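Residues per chain, in single letters:
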Amino acid sequence: MSGAAPVLLCDDRDGVRTLTLNRPRRKNAIDAELWAALRDALTDAGRDRDVRALVVTGAGGAFCSGADISGGVSGVHPLYRMRTLSEVALALHELPVPTIAKVTGVAVGAGWNLALGCDLVVATPEARFSQIFARRGLSLDLGGSWLLPKLVGLQQAKRLALLAETISAEEARALGLVTWVVAADEVDSFVDGLGARLVVGAPVALAQTKALLNEGADRTLRDALANEARAQGVNFATADVSEAFTAFAEKREPSFDGRWSVVGTGTGPETTDSAAPGAPSVRRP
């Protein structure tokens, strides 16, 4: 007799890892088991160099109806329960690869904030969104209090959080909370194509860019410039830079793999990148 189906499905295909919340009878409401599985899966994805992009979605025509409160208040102290939620939010935010939320059906409460924690959000026209917490006597969690004001501004964030309205995919897109709205019969191929485009990008450069954008929202221009200089130094130490120059000269698409490639001059601490034939020389600052 087979056991119960896993609450989180993991599929790897051509550098894209897809995590599917798999509690369709509960519209993928997240219980303690699924929170822990999400945390572990996101941590594993961050450590796996074969993963170049990550998709988060839900089974059975829904994305996620939020945290599962069907069992009422448990005997576990809320601080311990919230610790796992915080670990999920941080793991998703700090994941070094680009992330895509594929949203069909409902995305409410923590489920919506799980989608907002991804770098890009693709929704079908039927998708519906709500910061439902106020209707449950709760306040925002899973990073919603940080994400919403950054994405829509303070006033709209207060509207969504205090009124707990349900909004359509088109309104969410107009507010900047959804990147694309795609027909249900096209969403799978659209997300597959998006993942394929991200996979061929330079992995180190994409990771640096994602971190710069995430960090830049809270930094001064001086801080941002210092971080950009640091990030470019990391990028110049990969083979991807010279590969890009070579591909440009040869009029072809580059093939990026993120390999570390620093060639010393042998005359001192200063190093230069080895330039491919026809590529401009690159010196570190």
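Calculation notes
Residues numbered from 1 in each chain as written. Predicted model: local features only at pLDDT ≥ 70, side-chain atom pairs only at ≥ 80, totals over all residues. Heavy atoms only, no water. Helix = DSSP H or I, 4+ residues; strand = E, 2+ residues; numbered from the N terminus. Buried < 20%, exposed > 50% of the residue type's maximum accessible area, 1.4 Å probe, protein only. Areas by Shrake-Rupley, 256 points an atom, 1.4 Å probe, with all protein chains shown as cover. Pairing = 2+ DSSP bridges. Contact = heavy atoms within 4.5 Å. Axes fitted to C-alpha atoms, helices over the stretch in contact; angles between N-to-C directions. Salt bridge = Lys/Arg side-chain N within 4 Å of Asp/Glu carboxyl O. Phe/Tyr/Trp six-rings, centres within 6.5 Å; stacked < 30°, edge-to-face > 60°. Polar contact = N/O pair within 3.5 Å; in protein donor to acceptor, adjacent residues only side chain to side chain. Parallel < 35°, antiparallel > 145°, perpendicular 65-115°, else oblique. Left-handed = near helix turned anticlockwise from the far one by under 90°. Nonpolar A, V, L, I, M, F, W, Y, C, P; charged D, E, K, R; others polar.

Just to check I follow, could you spell out the overall build of the chain for this structure?
The helix and strand inventory of the chain stands at 10 helices and 11 strands. Burial analysis of the chain (285 residues in total) assigns 42% to the buried set. Roughly 15,400 Å² of accessible area belongs to the chain as shown, and the carbon and sulfur atoms make up 55% of that amount.

For this particular structure, what's the right way to read the sheet that holds strand 6 (residues 120–123)?
Whether parallel or antiparallel, the strands of a sheet pair through hydrogen bonds between backbone atoms. Sheet architecture is open: six strands sit in the order 1-2-3-4-6-9, paired in mixed fashion. Of all the strands in the sheet, just strand 1 (8–13) and strand 9 (180–181) have a single pairing partner and so form its edges. Where strand 2 (residues 16–21) meets strand 3 (residues 53–58), six bridges bridge the pair, whose relative direction is parallel. Paired with L21 across the two strands is G58, which belongs to strand 3. Together, strand 1, strand 2 and strand 3 form the strand contacts of helix 1 (residues 32–47), whose direction differs from that of strand 2 by roughly 175 degrees.

Is there a simple way to explain the pattern of salt bridges in this structure?
Where charged atoms from two side chains of opposite charge approach closely, those side chains can pair. Going through the model one piece at a time under the given rule, you end up with 17 salt bridges. The residue R23 makes a salt bridge to D31 at a minimum N-O spacing of 3.6 Å. R23 sits in the buried class, given a relative accessible area of 16%. When the shortest N-O distance is used, the salt bridge between D68 and R26 registers 3.3 Å. With D68 in the loop between strand 3 and helix 2 (78–94) and R26 in the loop between strand 2 and helix 1, this pair connects stretches of sequence that are 42 residues apart.

Help me out: how do you make sense of the environment of T246 in this one?
By the secondary structure assignment, T246 is in helix 10 (residues 239–249). The exposure class assigned to T246 is buried, which follows from its relative accessible area of 10%.

Explain the packing of aromatic side chains here, please?
The geometry of an aromatic ring pair is captured by the separation of the ring centres together with the interplanar angle, meaning the angle of the planes. This structure, assessed with the given rule, holds two aromatic pairs. Both rings, one in W112 and one in F129, keep their centres 5.4 Å apart while their planes meet at 45 degrees; by these two values the pair is tilted. With W112 in helix 3 (residues 110–116) and F129 in strand 7 (residues 128–130), the pair connects residues that are 17 residues apart, well separated along the chain. Relative accessible area serves as the criterion here: at 0%, F129 is assigned to the buried category. Look at W180 and F190: their rings are 5.4 Å apart centre to centre, the planes differ by 65 degrees, and that puts the pair in the edge-to-face class. Remark: F190 occurs in helix 7 (residues 187–199) and W180 occurs in strand 9; sequence separation between them is 10 residues.

What should I look at first to understand unusual backbone geometry in this one?
It is generally the case that most residues other than glycine have a negative phi and that most peptide bonds are trans. The phi angle at K27 is positive, at roughly 50 degrees, despite the residue not being glycine. Structurally, K27 can be placed in the loop between strand 2 and helix 1. What makes K27 partly exposed here is its relative accessible area of 47%. Even without being glycine, K251 reaches a positive phi, approximately 55 degrees. In this structure, K251 sits in the loop between helix 10 and strand 10 (263–264).

Please explain the side chain of N235 as it appears in this structure.
Mapped onto the fold, N235 is located in helix 9 (residues 221–236). Looking at N235, its side chain comes within polar contact range of the side chain of Q232, at 2.8 Å. Not counting residues up to four positions away in its chain, the partners in contact with N235 are V204, A205, Q208 and V241.

Looking at this structure, how should I read the packing of helix 4 (residues 144–152) against helix 5 (residues 154–163)?
Packed helices, taken two at a time, are described by the angle their axes make and the gap between the axes. Here helix 4 crosses helix 5 at 130 degrees, and the two axes come no closer than 7 Å. Relative to helix 5, the element helix 4 lies oblique. Crossing geometry of helix 4 relative to helix 5 is assigned as right-handed. Mapping the contact onto sequence places L148, P149 and V152 in helix 4 and L154, Q156, A157 and L160 in helix 5. Here the contact of helix 4 with helix 5 is composed, by residue class, of six nonpolar, one polar and no charged.

Just checking my understanding: could you explain the pairing of strand 4 (residues 99–103) for this structure?
A regular strand places its side chains on the two faces of the sheet in alternate fashion. Burial within strand 4 is extensive, with five of its five residues counted as buried. Across the two faces of strand 4 the burial is the same, with T99, A101 and V103 and I100 and K102 all buried. In the sheet, strand 3 pairs with strand 4 via three bridges, with the strands oriented parallel. Across the sheet, the residue bridging to V56 is A101, located in strand 4. Of the strand pairs in this sheet, strand 4 and strand 6 are connected by four bridges, and their pairing is parallel. Bridge assignment links I100 to a residue of strand 6, and that residue is L120.

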